[in-house]
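The primary structure of each chain is shown beneath.
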Amino acid sequence: MYLVILCSRCGQFLIAGEKNKSRRCFYCGERVVVSRAKRVGRAETSREASALAQHLKLERAKRKTG
Ligand SMILES: [Zn+2]
């Protein structure tokens, strides 16, 4: 199982395996603790999680621009 989480510092979407304790945000370098991060989605494979993160990113961008 893979999770889509939000970076606690910059809000970037990150993908974490369920066994990961933390992830380094590739965007701002923050170490994000998976158990404390906001979870916005989950998927069976890293590929699906990646697609989901892309989708959520687009949806968020749409909301921002109205
Ligand atoms: Zn970040």
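Residues numbered from 1 in each chain as written. Predicted model: local features only at pLDDT ≥ 70, side-chain atom pairs only at ≥ 80, totals over all residues.

Asker: Even after reading the chapter, I still don't get the environment of Arg63, so can you show me in this structure?
Answerer: Take Arg63: it is sitting in helix α1 (residues 46-65). Given 8 C-beta atoms within 10 Å, Arg63 falls into the exposed group. Linking Arg63 and Leu14, residues 49 residues apart in sequence, is a C-alpha distance of 19 Å. (Helix = DSSP H or I, 4+ residues; strand = E, 2+ residues; numbered from the N terminus. Buried ≥ 20, exposed ≤ 12 C-beta atoms within 10 Å, placed from the backbone.)

Asker: Could you clarify how one ought to interpret the pairing of strand β2 (residues 13-17) in this entry?
Answerer: Look at any regular strand and the pattern is simple: side chains alternate between the two faces of the sheet. As defined by bridge partners, strand β1 (residues 2-6) adjoins β2 across five bridges and the pair is classed as antiparallel. Paired with Val4 across the bridge in β2 is Ile15. Between β1 and β2, which pair antiparallel and follow one another directly, the connecting turn spans six residues, one of which, Gly11, has a positive phi of 80 degrees. (Pairing = 2+ DSSP bridges.)

Note that all results are geometric; they support no functional claim without further evidence.
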